[in-house]
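Spelled out from the first residue to the last, the chains are:
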There are 2 protein chains.
Amino acid sequence: MARKTGSHSEITGPRIRDAALKLFARHGFAAVSMRQIAAEVGVQAGALYLYTPDKETLLLDLLRTHMDDLIADWVSADPGGAPVARLEAFVRFHIRFNLERADAVFLSYMELRNLGPENFAAIETLRRDYETRLETVLSEGAAAGIFALRDAKIAAYAIIAMLTGVNTWYREGGRLSRAAVGDLYWDMVRRSVAA
Amino acid sequence: MARKTGSHSEITGPRIRDAALKLFARHGFAAVSMRQIAAEVGVQAGALYLYTPDKETLLLDLLRTHMDDLIADWVSADPGGAPVARLEAFVRFHIRFNLERADAVFLSYMELRNLGPENFAAIETLRRDYETRLETVLSEGAAAGIFALRDAKIAAYAIIAMLTGVNTWYREGGRLSRAAVGDLYWDMVRRSVAA
DNA sequence: GTCTATAATCTGATAGAC
DNA sequence: GTCTATCAGATTATAGAC
């Protein structure tokens, strides 16, 4: 049966989220109007409210989806087994995942402040979950005498910050391939925690 | 001679910059109105334009002052001499300076996008200057066989990102003192580049 | 499902009184 | 140096036609 003209609910929703992600990352949440998002999608501003109750919820959906994907993808990528192998997998996974979703990563660090307290807390819980997964790998390696750490929690923070920093300078087609970047960072991380 | 009532040019200017820094960091540049800044200072919105030609220039002044101070303070703190001592001094300096100016650090990473192209380029030049100073210490240590590095530029990016990350989790009065944080990070940095 | 029109409010910036 | 008043336009969100 022919679809009613102008009815595109299954594709307009994702297109709104894509446009909002791109514009929020580029200009900042507060600087982007609902009209700009609508124009990017090709609908009128009023139509957006069929897909989100308000602007903040649109941001929350983007952030929650990103954090859920991050954790789910790491759970899939985690090889388990020896702590050294798991740590190397984490380093390469984190760099790759964050480069592939640079806009969402930027939003997750910069626009949390535009969430209400309870939404903020929900995203923070997901971030803590991810950090704790790395911390656990480090702690297990330290307990096995493979890593020498003075503080597994701080080491996890330090490693994640270092890896996420790749997003601030890496440019596709530049001097280094993604694989070369992974090699360089794994070398530094490995030595920083090696026993 | 008695000052004319309501005339406070030497103190209102700094108070405007203080208020703008705090509000921009808390809510984002675009989300803060000139009226909010004025209210925080205790003047009317129109009075702000005696101190800044427009909102973007107010942001630019905050960012440029921050970067100028960062570089000048590191030049003062740099002990010179042995690369290991200089690197340790850099680690402790960067953590201390950034914790003392958390709002300005956050602004410098998040609100560059609200600057016009030429102002953006001016701030980026200052940031590159700071990064290059660390890179030079690393390169000299590598040339002397004291550090083992595969890429001094990437190592500088990695170290700066790791150290700046302290701002995202450190809370005054928490489990660790600032000195203890400096010790932990210096231990990790030292091992990540040691020959 | 999308559109147009609208409500109520806020925006950056300026002019002119004091 | 600060205030009040104001301009011209943008803002989020909703109501109701189609």
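Computed from a predicted model, the values in this text were never measured in an experiment. (Residues numbered from 1 in each chain as written. Chains lettered and ligands numbered in written order. Predicted model: local features only at pLDDT ≥ 70, side-chain atom pairs only at ≥ 80, totals over all residues. Heavy atoms only, no water.)

Thoughts on the overall build of chain A
Line of reasoning, step 1. A tally of regular secondary structure across chain A gives ten helices and zero strands.
Line of reasoning, step 2. Counting helices and strands in the order they occur from the N terminus, chain A gives α-α-α-α-α-α-α-α-α-α.
Line of reasoning, step 3. With respect to the three principal axes, the spread of C-alpha positions in chain A is 65 × 40 × 40 Å.
Line of reasoning, step 4. Here chain A holds 195 residues, and the buried ones make up 46% of them.
Line of reasoning, step 5. Sequence-distant contacts, at least 24 apart, represent 68% of the contacts inside chain A between residues at least 6 apart.
Line of reasoning, step 6. Accessible surface for chain A amounts to roughly 9300 Å². Of this, 53% is attributable to carbon and sulfur atoms. (Helix = DSSP H or I, 4+ residues; strand = E, 2+ residues; numbered from the N terminus. Buried < 20%, exposed > 50% of the residue type's maximum accessible area, 1.4 Å probe, protein only. Contact = heavy atoms within 4.5 Å. Areas by Shrake-Rupley, 256 points an atom, 1.4 Å probe, with all protein chains shown as cover.)

Overview of the domain arrangement of chain A
Residue and element names in this part refer to chain A.
Line of reasoning, step 1. If you check the domain split of chain A, you get domain 1 (7-52) and domain 2 (55-193).
Line of reasoning, step 2. When each unit is reduced to the centre of its C-alpha atoms, the spacing between domain 1 and domain 2 is 28 Å.
Line of reasoning, step 3. At the interface, 14 residues of domain 1 touch twelve residues of domain 2.
Line of reasoning, step 4. Of the roughly 1300 Å² buried between domain 1 and domain 2 on both sides combined, carbon and sulfur atoms contribute 75%.
Line of reasoning, step 5. Our count for the domain 1 to domain 2 interface comes out at zero salt bridges.
Line of reasoning, step 6. Counting across the interface, domain 1 meets domain 2 through four residue pairs in polar contact (both at pLDDT 80 or more).
Line of reasoning, step 7. Each residue belonging to the side of domain 1 that touches domain 2 can be placed in one class, and the counts come to ten nonpolar, two polar and two charged. (Domains from an automatic or database assignment. Buried area = accessible area lost by both parts, 1.4 Å probe. Salt bridge = Lys/Arg side-chain N within 4 Å of Asp/Glu carboxyl O. Polar contact = N/O pair within 3.5 Å; in protein donor to acceptor, adjacent residues only side chain to side chain. Nonpolar A, V, L, I, M, F, W, Y, C, P; charged D, E, K, R; others polar.)

Focus: the nonpolar core
Line of reasoning, step 1. Core analysis: the largest hydrophobic core is formed by 118 residues, its most contacted members being A:Ile37, A:Leu138, A:Tyr185, B:Ile37, B:Leu138 and B:Tyr185.
Line of reasoning, step 2. The element contributing the most residues to this core is helix α8 (residues 152-164) of chain A, with ten residues. (Core = buried A, V, L, I, M, F, W, Y, C linked by side-chain atoms within 4.5 Å.)

A short note on helix α2 (residues 34-41) of chain A
Because an α-helix completes one turn every 3.6 residues, residues spaced three or four positions apart along the sequence face the same direction.
Residues and elements named next belong to chain A.
Line of reasoning, step 1. Taken as a whole, α2 has its buried residues at Met34, Ile37, Ala38 and Val41. The buried residues of α2 occupy one face: seen down the axis, they fall within an arc of 100°. More than 90 degrees from the buried face of α2, the exposed residues found are Arg35 and Ala39.
Line of reasoning, step 2. The inward-facing, buried residues of α2 abut α1 (9-27), α3 (45-48) and α4 (55-77).
Line of reasoning, step 3. Two residues or fewer past α2, Gly42 is found with a positive phi of approximately 95°. (Arc of directions from axis to C-beta.)

Details of the relation of the copies chain A and chain B
Line of reasoning, step 1. Between the two copies, chain A and chain B, the superposition gives an RMSD of 0.1 Å; the rotation angle is 180° and the shift along the axis is 0.0 Å. Both copies are brought into coincidence by an operation consistent with a two-fold rotation axis.
Line of reasoning, step 2. A high fraction, 100%, of the interface residues of chain A reappear at the interface in chain B, so the copies pair face to face through one surface. (Least-squares fit on C-alpha atoms with pLDDT ≥ 70 in both.)

Points about the pattern of salt bridges
Line of reasoning, step 1. This structure, assessed with the given rule, holds 37 salt bridges over all chains.
Line of reasoning, step 2. Notably, a salt bridge pairs B:Asp183 with B:Arg92, separated by 2.9 Å at the nearest N-O pair. Here B:Asp183, found in helix α9 (residues 178-193), pairs with B:Arg92, found in helix α4 (residues 83-100); they are 91 residues apart in sequence, far enough to count as distant.
Line of reasoning, step 3. For B:Arg92, a relative accessible area of 30% gives the class partly exposed.
Line of reasoning, step 4. What emerges from the salt-bridge pattern is a single network uniting A:Glu111, A:Arg113, B:Glu111 and B:Arg113.

Brief notes about the layout of surface pockets
With a probe scaled to a water molecule rolled over the atoms, the places where space remains empty come into view.
Residues and elements named next belong to chain A.
Line of reasoning, step 1. Taken as a whole, the second largest pocket encloses approximately 200 Å³ of empty space.
Line of reasoning, step 2. In terms of lining, the second largest pocket is formed by 13 residues, of which the most central are Leu21, Leu62, Thr65, His66 and Ala104.
Line of reasoning, step 3. When residues of the lining of the second largest pocket are traced back to their parent elements, those giving at least two are α1, α4 and α6 (102-110).
Line of reasoning, step 4. Among the elements that make up the lining of the second largest pocket, the one with the highest residue count is α4 (five residues).
Line of reasoning, step 5. The residue makeup of the lining of the second largest pocket includes at least three contributed by each of domain 1 (7-52) and domain 2 (55-193). (1 Å grid on protein atoms, 1.4 Å probe; cavity = no way out; pocket = protein on both sides within 12 Å on 5 of 7 lines; lining within 4 Å. Points joined across faces, edges and corners; volume = space filled by probe spheres on them.)

Things to note about the environment of A:Ala39
Residue and element names in this part refer to chain A.
Line of reasoning, step 1. Inspection of the secondary structure assignment puts Ala39 in helix α2.
Line of reasoning, step 2. Overall, the relative accessible area of 57% leaves Ala39 in the exposed class.
Line of reasoning, step 3. C-alpha separation for the pair Ala39 and Ile146, spaced 107 residues apart in sequence, amounts to 55 Å.

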